[in-house]
Each structure stands twice: as C-alpha cells, then as structure tokens.
Amino acid sequence: ITMVWKTPPEQKIAKGVLEKLRSLNELSHRGTHTQQRLTTKDVCKNLLEDALEADPQEGAESLFTWLQDEKMTRNNVTLPSRSEVEGFCTQWKAKYKLRKSLAPGCQYLITRLKDVLLAADNKYHMSTQYRDKYNKTIFSLKWQRQFGMTANALGFGKRGDGESSFAKPHNMLLERPGVGVCETPVEERVTVAAHFQEAWAICREIMRHIDPAFAYRERYVVTIGCITDRKVHYCKKHKDDKDITHQYALVVGEYTGRSYLKCYDAGDQVVGTFDNLNKVVKMDGRLDHEVVLSEDFEGTRFNIIFYKMYDPRIEHPEPYLYTPHFV
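Right, let's walk through the structure included here. As the structure is a prediction and not an experimental result, all values here were calculated from the model.

**Looking at the packing of helix α5 (residues 104-123) against helix α7 (residues 194-210)**
Alright, step 1. One can describe the packing of α5 onto α7 by two numbers: an axis separation of 10 Å at closest approach and a directional angle of 160°. Looking at the two axes, α5 sits roughly antiparallel to α7. Here α5 and α7 pass one another in a crossing that is left-handed. Residues Cys106, Leu109, Ile110, Arg112, Leu113, Val116, Leu117 and Ala120 of α5 lie in contact with α7, whose contacting residues are His195, Phe196, Glu198, Ala199, Ile202, Cys203, Glu205, Ile206, His209 and Ile210.
Alright, step 2. Looking at the contact of α5 with α7 residue by residue, the class counts come to 13 nonpolar, 2 polar and 3 charged.

**Examining the pattern of salt bridges**
Alright, step 1. One pass over the full model with this rule turns up 13 salt bridges.
Alright, step 2. Across the salt bridge formed by glutamate 187 and arginine 204, the nearest N and O atoms sit 3.7 Å from each other. Placement of glutamate 187 in the loop between β5 (179-181) and α7 and of arginine 204 in helix α7 is noted, with a sequence separation of 17 residues between them.
Alright, step 3. The partly exposed category is assigned to glutamate 187, whose relative accessible area is 46%.
Alright, step 4. Ionic pairing is found between arginine 286 and aspartate 284, a salt bridge with its closest N-O pair at 2.8 Å. Each member of the pair, arginine 286 together with aspartate 284, is buried.
Alright, step 5. Each of the salt bridges in this network shares a partner with another, and the network as a whole consists of Glu187, Arg204, Glu205, Arg208 and Glu218.

**Focus: the sheet that holds strand β3 (residues 151-153)**
Alright, step 1. Spatial ordering of the open sheet is given by β3-β5-β4, a layout of 3 strands whose pairing is antiparallel. Strands with a single pairing partner mark the edges of an open sheet, and in this sheet they are β3 and β4 (168-169).
Alright, step 2. Bridge count for β3 against β5 is 3 bridges, and the pairing is antiparallel. The residue of β5 that forms the bridge with alanine 151 is valine 181.

**Notes on the sheet that holds strand β9 (residues 259-264)**
Alright, step 1. Taken in spatial order, the 3 strands line up as β10-β9-β12 in an open sheet, and their pairing is antiparallel. Edge positions in the sheet fall to β10 (270-274) and β12 (289-293), since each has one partner strand and no second. Between one strand axis and the next, the sheet turns by 20° as a mean value, whatever way the strands run.
Alright, step 2. Sheet topology note: the β9/β10 ladder contains 4 bridges and is antiparallel. Looking at β10, one finds that leucine 261 is bridged to phenylalanine 274.

Rules used throughout
- Residues numbered from 1 in each chain as written.
- Predicted model: local features only at pLDDT ≥ 70, side-chain atom pairs only at ≥ 80, totals over all residues.
- Heavy atoms only, no water.
- Axes fitted to C-alpha atoms, helices over the stretch in contact; angles between N-to-C directions.
- Helix = DSSP H or I, 4+ residues; strand = E, 2+ residues; numbered from the N terminus.
- Parallel < 35°, antiparallel > 145°, perpendicular 65-115°, else oblique.
- Left-handed = near helix turned anticlockwise from the far one by under 90°.
- Contact = heavy atoms within 4.5 Å.
- Nonpolar A, V, L, I, M, F, W, Y, C, P; charged D, E, K, R; others polar.
- Salt bridge = Lys/Arg side-chain N within 4 Å of Asp/Glu carboxyl O.
- Buried < 20%, exposed > 50% of the residue type's maximum accessible area, 1.4 Å probe, protein only.
- Pairing = 2+ DSSP bridges.

Coordinates in, geometry out; function isn't part of it.
This is the structure we're talking about:
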C-alpha cells in the first residue's frame, strides 16, 4: 500500500488501511461471512472519507482504483463487489461536489483573502467597533468591519451630497417598519479603506462561487471580525435576529490550536460543531450559535460572515435552516 501512495497524507491513509485489515482478519476468524462483508463495507466508507479529507481531488479515486485492482484479496479479506465499490465512490464524489469551498479555485480565493487580511492587520491600527452594553457581553474582538447592503433606521446617515445613506425603505414593511437600506456599491464608498475594498472584492468572488443565487446583485452583507487573544476576545452564544435568511461562515488566518463554530436548534440542542478554517459552513444565524476556542489557541483568526438583511426577492423572512453543514 505504501508503494501506491507517496505523500504523507496518503501514507496516513495507507496506515489506516493496514490497521483495519488486521481487525477484519481477526473478525473473519471469529464471525460469519455476512458480518465480515458488512464490516468491510463500513471500512470502505470510512477509508473513502479519510481519502477525501486528505486530497479531495485525487484521494478517493486513488483509493478506489487500488481497491478495484483486488490486491486486498491477498490479505484474505472479502471485498465488496465492483458495483458496490463504484456505488461508494459515486456517493462520496457527489458529496464532495457539494463542498464548493474545497474546490481549487475557491481555495485560491480563500488564501488570497487570508493574505490581504493578515497584511491589513499587521500594517494598520484598527480599533474595536463601538458596542452598546448588551453587545459588549456577547462580543469582544480586536476589530470588526461590515460592508455590503446593510440596513439601518430609515433616513440615517448623510452622504457627501447631503442625501441619506439609508433613504430606500425596506420592502418588509410589516417585519421591518422604519428600516432603510443602503444600496451604494461598496466600491463607491469613500469610508471603506483600500485593503477592505480588496477584501470585499475577494469575498464577492467567493460567494459567487459558493451560491450564485445568494450573491445575485450583491444584496448581502459581509462582516469580518478579528480574534488574537482568547483571554479577552470572544463571540458568545447569540442570535442574529436582523437576518432574513440563512448565512455562510468562513474562517481564515494563521493560528495554532483549534476554533469551532457551535450551532444550536430552536430547542437549544447542539446540532453541529464545525472547524471551518478555510471552509464554508451554511447555517442560520437566527438560531443560537457561538465560537469556541481551544485552550491552546494562539495566533490571528478572521471570521467572515455572509448574511442578508435585505433582498427585494424575499418578501418575508425565510424559514429557518435547521441543518447546518459544510458547502
């Protein structure tokens, strides 16, 4: 097996194959043929998932090409049939295709976004966003920036021409009375610094790749928050009650340790815990969620949220998304 795969991730998979083969050989001496085949099927599923995590493009194909060569029969292990193996491969390849954020083009954009934000964080002094007493108990970040099609009190703010930035009334008159929408394109806003203009442009391309319908005419908001010290920075359990539909969450940065997005359902039960470093999670911010940092977290972490406060195609807040998942 180690002759088939050369790279470290593939060697790790090969080691797992050998360990599971030993287990299967022991089972074959103790159990029935049916039990052995069922166990072998489960092992194949697990191995394929490992292969996808190591190399989404080639890992699964390499593993199953090798399985189909029937070399494992030398270990006296009964393999699934060729049609069963092909079924596993099709199933998991379909699962991979749903994970658009893992595609090479999207990963290139995610890496570019990380580089832009790290450079901005190192070069510029950026203070934390103003927060009221309630928000200070929920959020504490090194800094946070928001741009896109935001909503605020109708008539709030003045542009250089003296007109309000939020002159357009929200289309949800019952659910959002007295709310205005800012339709000024981000690239035309003089208050958005050049490095954040670049970050917005990359985020825009990422969302076009992930969900073109969501990205249509840029009717969404991007919020970027920075965490560098787990002792003073946090994002506690909260709801984003101004959202009108689901949102997408991405993490980039350079840090050691782990960080997790923990999502809850309406009954306050955990429905998902995601390490979304360089990956995108589709979730619903109107349900409770929080960020959890491991004890050994050190470094710089950027949380990027894509969400909607307004979209003329959505006349009423959409139903909740109760099943958060990677995309």
